[in-house]
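Architecture at a glance
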Amino acid sequence: MLMMSTDKLDELFALIAKNQTLYLPVDTKDATAEFTKWTEGVKYSNALNTVRSAKDFFFPQTEDLVDFKMSGKNIEIIDIRKEAEDFVLFGVRACDAKSFEILDSVYLTEPVDSYYKTRRDHGTVVTMACTRPSETCFCGAFGIDATAPKGDACCYIAGDKLYIEAFTDKGRALVDSVSSLFTEGDTAELEATKAKTKKILAQLPLANLSTEAFGGDKLTELFNSDKWGELSESCLACGTCTFVCPTCQCYDIKDFDTGHGIKRYRCWDSCMYSDFTKMAHGNPRLTQLERFRQRFMHKLVYYPSNNNGEFGCVGCGRCLSKCPISMNIVKVMKALEVK
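Residues numbered from 1 in each chain as written. Predicted model: local features only at pLDDT ≥ 70, side-chain atom pairs only at ≥ 80, totals over all residues. Heavy atoms only, no water.

With that settled, the discussion passes to a nonpolar patch on the surface. On the surface, a cluster of nonpolar side chains totalling about 350 Å² of accessible area is made up of Met70, Ile75 and Ile77. Within the element layout of this structure, Ile75 appears in strand β5 (residues 74-78). A relative accessible area of 56% means that Ile75 is categorised as exposed. (Patch = residues over 30% accessible without salt bridge, like charges linked within 9 Å, V, L, I, M, F, W, Y side chains within 5 Å. Areas by Shrake-Rupley, 256 points an atom, 1.4 Å probe, with all protein chains shown as cover. Salt bridge = Lys/Arg side-chain N within 4 Å of Asp/Glu carboxyl O. Helix = DSSP H or I, 4+ residues; strand = E, 2+ residues; numbered from the N terminus. Buried < 20%, exposed > 50% of the residue type's maximum accessible area, 1.4 Å probe, protein only.)

Moving on, we come to helix α2 (residues 94-107). Between its terminal C-alpha atoms α2 stretches 20 Å, which fits the 20 Å expected from 14 residues at 1.5 Å a residue. The element α2 is largely enclosed, with a buried count of 11 among its 14 residues. Among the residues of α2, those classed as buried are Ala94, Cys95, Asp96, Ala97, Lys98, Ser99, Phe100, Ile102, Leu103, Asp104 and Tyr107. Elements that come into contact with the buried residues of α2 comprise β6 (87-92), α3 (114-122), β7 (123-128), β11 (251-257), α9 (288-306) and α10 (318-322). (Expected span 1.5 Å × (residues − 1). Contact = heavy atoms within 4.5 Å.)

Before going further, it helps to examine the sheet that holds β11. With antiparallel pairing, 4 strands are arranged side by side in an open sheet as β5-β4-β12-β11. Pairing within the sheet leaves two strands with one partner each, and these edge strands are β5 and β11. Neighbouring strand axes in the sheet, compared pairwise and without regard to direction, differ in orientation by 25° on average. Here α3 sits on the sheet in contact with β4 (62-71) and β12 (262-268), set at roughly 130° to β4. (Pairing = 2+ DSSP bridges. Axes fitted to C-alpha atoms, helices over the stretch in contact; angles between N-to-C directions.)

What follows is about the packing of aromatic side chains. In total, this model carries 22 aromatic pairs according to the counting rule given. Seen from their ring centres, Phe13 and Tyr44 are 6.2 Å apart, and the 50° between their planes marks the pair as tilted. Placement of the pair is Phe13 in helix α1 (residues 9-17) and Tyr44 in the loop between β3 (33-37) and β4, with a sequence separation of 31 residues. The residues Phe13 and Tyr44 share a single accessibility class, namely buried. Where Phe58 meets Phe87, the ring centres are 5.9 Å apart and the plane angle is 40°; that geometry is what we call tilted. One end of the pair, Phe58, is in the loop between β3 and β4; the other, Phe87, is in strand β6, with 29 residues separating them in the sequence. In terms of burial, Phe58 and Phe87 fall into one category: buried. Lying across the ring of Tyr251, Arg266 places its NZ or CZ 4.7 Å from the centre. (Phe/Tyr/Trp six-rings, centres within 6.5 Å; stacked < 30°, edge-to-face > 60°. Lys NZ or Arg CZ within 6 Å of the ring centre and 35° of its normal.)

What follows concerns the pattern of salt bridges. This structure, assessed with the given rule, holds 17 salt bridges. The partner of Asp56 in a salt bridge is Arg52, with the nearest N and O atoms 2.3 Å apart. Salt bridges here are not isolated pairs; linked through shared partners, they connect Glu63, Asp113, Arg119 and Arg266.

Let's shift gears to the nonpolar core. Within the largest apolar cluster, 31 residues are counted, with the highest numbers of intra-cluster contacts made by Phe138, Phe214, Trp228, Phe292, Ile329 and Val332. At the level of elements, α7 (228-232), α9, α10 and α11 (329-337) are the ones that each hand at least two residues to this core. Formed by 25 residues, the second largest nonpolar core is a distinct cluster that contains Met128, Ala153, Leu162 and Leu174. (Core = buried A, V, L, I, M, F, W, Y, C linked by side-chain atoms within 4.5 Å.)

Let us now look at the sheet that holds strand β2 (residues 21-27). Spatial ordering of the open sheet is given by β3-β2-β6-β7-β8-β9-β1-β10, a layout of 8 strands whose pairing is mixed. The outermost strands of the open sheet, each flanked by one partner alone, are β3 and β10 (183-184). Note that β2 and β3 share 5 bridges and pair antiparallel. Bridge assignment links Val26 to a residue of β3, and that residue is Glu34. Across the sheet, α2 lies against β6 and β7, angled at about 130° from β6, the strand it touches most.

A word on the side chain of Ser99. Turning to its location among the elements, Ser99 is positioned in helix α2. Residue Ser99 is classed as buried on the basis of its relative accessible area, which comes to 0%. Every residue in contact with Ser99, bar those within four places of it in the chain, is listed here: Pro246, Thr247 and Val314.

Packed helix pairs are specified by the crossing angle of their axes together with the interaxial distance, meaning the distance between the axes. Closest axis-to-axis distance for the α9/α11 pair is 11 Å, and the angle between their directions is 80°. The orientation of α9 relative to α11 falls into the category roughly perpendicular. Across the interface between the two elements, Phe292, Phe296, Lys299 and Leu300 of α9 pack against Ile329, Val332 and Met333 of α11. Residues that form the contact of α9 with α11 fall into these classes: 6 nonpolar, no polar and 1 charged. (Parallel < 35°, antiparallel > 145°, perpendicular 65-115°, else oblique. Nonpolar A, V, L, I, M, F, W, Y, C, P; charged D, E, K, R; others polar.)

With that out of the way, let us pick up unusual backbone geometry. In this structure, the amide linkage connecting Glu110 to the following residue, Pro111, adopts the cis form with an omega of -5°. Within the element layout of this structure, Pro111 appears in the loop between α2 and α3. Within the chain, Ala237 stands out as a residue other than glycine whose phi angle is a positive 60°. Counting through the fold element by element, Ala237 comes out in the loop between α7 and α8 (240-244). With relative accessibility at 22%, the residue Ala237 sits in the partly exposed group.

From the geometry alone we can't say anything about function, so treat these as descriptive.
Structural data, given as structure tokens:
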């Protein structure tokens, strides 16, 4: 496996940025991290994860789709898409990397979402293995190995060394472009670091969280559970959980009159909102209980029933840390699995 000193990180970033736009986690003023475009002097964050997931780069919060110009009864349709730039996402954690697979199953299945596909085609994902997991992490419950994330290429930090390996053609092209900074290295220290991290993961509060009580074959039983009323009672329907979630994929499409024409755009939506999926006759889910149930049934039952048992959650822990009333998918799972 290729290896280099972490002292050369800035050189690595500069070399990548020569050919492609580079984004990586950077510390913010409020002691969190967010993905930021790299420029000289920007430092890579050691934070476990960013506040918002990297899905923004493939499925942005707001996105212009098409413009319309009208002259009398004539309507001109203007395709506003431009050639997408090649870019590299560096430092994506295992949970977020897995979330891309979930989004792919939605947006790259016929009919393919061309906006999403273009970004996926032009983006190279370089993941970073975890070494300091948090108490809110539970990716292991969904079969994710935080010490060996997927992606086009993966990096691992052990001591003062950074290791890298490629898994796809895009990843190999990237590694080849920066190979001058690397040498073949002994992986003994890397394997020791992985073992240490796995020991930490096994001792986390949510290490034994189980998904056995969930899945497509439990639909009727879980849907009709009498626990939804109590669970949903304190929910504020603020949508925070859906906006920090790396796997939520719902959006709304709206038209805006600019005064010179109509701009059609899409923006993230939330199943927790009272006007979500509102139709001419009204919202099919009239109560907070129904909307609350929909969110968690989709993650734990509907999605796995249609995707070979794969769940719609990646255990990143963002909803645990950001919900203002501390209601989250873990509490729901623990409540529903109790007979």
